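# Coordinate analysis (summary)
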Amino acid sequence: MKYALKRISLGLPTLLAMFTTIFVIIRIVPGDAAAVILGDQASAGALEALRQQLGLNEPLSQQYLGFLTGLLQGDLGTSLVTKRPVLDEALRVLPNTIELAVASILVGLAIGLPLGVYAAINRNAWPDYVGRLFSLVGLSLPAFVSGILLLLAFAIQLRWFPVIGTIQNAGPWDRLLAVALPALNLGVIMSAYVARVTRASMLSTLGEDYVRTARAKGVAPTTLALRHVLSNSLLPIITVVGLYFGTLIGNAVLTEIVFNRPGLGRLILGALNTRDYTMLQGLMIIFASFVVLANTLTDLAYAAVDPRIRTA
């Protein structure tokens, strides 16, 4: 508990720094924010009214204080397009993005872990070469390209999955079918990272003295690989899963567009297209919060895997 509280307390200054960075970036972009939102043909009265609505006429320090006060109250502002609170708009589609992220991580681990373990056990044999080739292809293929290929193969040609990933008012089986291809698209990319790191970490552990001792005592290869080697190679794997979460957010935007899934990614695209300044700022804050949360959970997972870290 002490270690957990320490890691959580360290995440709070990080959040504050990220929120401050978002606040500054939004306001130091060259040009008048009101003119960018309304366009060059807007009248002077309309520009002044929007500046007043956004608080752009106030001193920067006062804007920042109001920004932080709103965050503490759970107020991310009001959308300039829908006139609804940004938080309500985000919460409406957030479960879809969380569903996609969790499913993608599960797919990535289900493919990447066994592939990395098998490649490490069979070093420089054909399973190792196949695993390394798979990792190279997965790392090189952009998410939107692999998404289109999956749609063409499994949705249009084989018709195993729906072409459009709409999931409103759908049952559990329909939701599973709708998330299957997007999760596979992101999961395969993640599995490439996981497989490479698992292989490298296990090869390093296989050279330890206790592994050679266990092998000399006649421990079965499968038991040796899973109980003695893999369990002591988990820290780098946990690290890559935590770091991949940031990449997953970026790829989720493209994936939700390709598969026409409602989510935060499409909400961001809509905010960019409609110049919804307030919506964009609120979504950046939500994404930043998820990244910090993922890093904090990664630190806690370290302590669960290796108890020595708790006293560090």
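Calculation rules
- Residues numbered from 1 in each chain as written.
- Predicted model: local features only at pLDDT ≥ 70, side-chain atom pairs only at ≥ 80, totals over all residues.
- Heavy atoms only, no water.
- Helix = DSSP H or I, 4+ residues; strand = E, 2+ residues; numbered from the N terminus.
- Expected span 1.5 Å × (residues − 1).
- Contact = heavy atoms within 4.5 Å.
- Core = buried A, V, L, I, M, F, W, Y, C linked by side-chain atoms within 4.5 Å.
- Buried < 20%, exposed > 50% of the residue type's maximum accessible area, 1.4 Å probe, protein only.
- Phe/Tyr/Trp six-rings, centres within 6.5 Å; stacked < 30°, edge-to-face > 60°.
- Patch = residues over 30% accessible without salt bridge, like charges linked within 9 Å, V, L, I, M, F, W, Y side chains within 5 Å.
- Areas by Shrake-Rupley, 256 points an atom, 1.4 Å probe, with all protein chains shown as cover.
- Salt bridge = Lys/Arg side-chain N within 4 Å of Asp/Glu carboxyl O.
- pLDDT = per-residue confidence, 0-100.

## Concerning helix α4 (residues 60-72)
- The terminal C-alpha atoms of α4, which comprises 13 residues, lie 19 Å apart, in line with the 18 Å expected from a rise of 1.5 Å per residue.
- Structurally, α4 contributes buried residues whose contacts are with α1 (2-28) and α13 (277-305).
- A positive backbone phi angle near 75° is found at Gly74, which sits one or two residues after α4.

## Points about the nonpolar core
- Counting 56 residues, the largest nonpolar core has Met202, Leu248, Leu264, Leu283 and Ile285 as its most contacted members.
- With 10 residues, the top contributor of residues to this core is helix α5 (residues 86-121).

## Concerning the packing of aromatic side chains
- Applying the stated criterion to the full structure yields four aromatic pairs.
- Here Tyr64 and Phe67 contribute two aromatic rings whose centre-to-centre distance is 6.5 Å and whose plane-to-plane angle is 25°, an arrangement assigned as stacked. Separated by three residues within a single helix, Tyr64 and Phe67 lie in helix α4, roughly one turn from each other.
- Ring geometry for Phe154 and Trp160: centres 5.8 Å apart, planes at 40°, overall tilted.
- Classification of Trp160 as exposed rests on a relative accessible area of 54%.
- Put simply, the rings of Phe23, Tyr64 and Phe67 touch in pairs and so form one group of aromatic residues.

## Some remarks on α1
- With 27 residues, α1 ought to run about 39 Å at 1.5 Å a step, and its terminal C-alpha atoms sit 40 Å apart, in line with that.
- Of all the residues in α1, the buried ones are Tyr3, Gly11, Leu15, Phe19, Ile22, Phe23 and Ile26.
- On its buried side, α1 packs onto α4 and α13.

## Points about a nonpolar patch on the surface
- Taken together, Leu141, Phe144, Ile148, Leu149, Leu152, Ile156, Val163 and Leu254 make up a surface patch of nonpolar side chains, about 640 Å² in accessible area.
- Sorting elements by how many residues they give to the nonpolar patch places helix α7 (residues 143-157) first, with five residues.
- Along the chain, Val163 turns up in the loop between α7 and α8 (172-206).
- Overall, Val163 belongs to the partly exposed group, its relative accessible area being 41%.

## Overview of unusual backbone geometry
- Residues other than glycine seldom take positive phi values, yet Asn124 does so here, at roughly 65°.
- By relative accessible area, Asn124 is classed as partly exposed at 48%.

## Quick word on the pattern of salt bridges
- Within this structure, the stated rule accounts for five salt bridges.
- A salt bridge links Glu89 to Arg84, with the nearest nitrogen and oxygen atoms 3.7 Å apart.
- Among the residues examined, Glu89 registers a relative accessible area of 4% and is labelled buried.
- Note on Arg84: relative accessible area 37%, which makes it partly exposed.
- Here Arg92 makes a salt bridge to Glu89, at a shortest N to O gap of 3.0 Å. In this pair, Arg92 and Glu89 are both assigned in helix α5, three residues apart and thus about one turn of the helix distant.
- Because the salt bridges share partners, they merge into one network encompassing Arg84, Glu89 and Arg92.

## A few points about the confidence of the model for the chain
- On average, residues of the chain score 80 in pLDDT, and 92% of them are at 70 or above.
- For the chain, helix α2 (residues 33-38) is the element with the lowest average pLDDT, namely 66, and α5 is the one with the highest, namely 86.

## Comments concerning the side chain of Ser104
- Looking at where Ser104 falls in the secondary structure, it is placed in helix α5.
- Among all residues touching Ser104, those that are not within four sequence positions of it are Pro182, Ala183, Leu186, Gly187, Met190 and Leu248.

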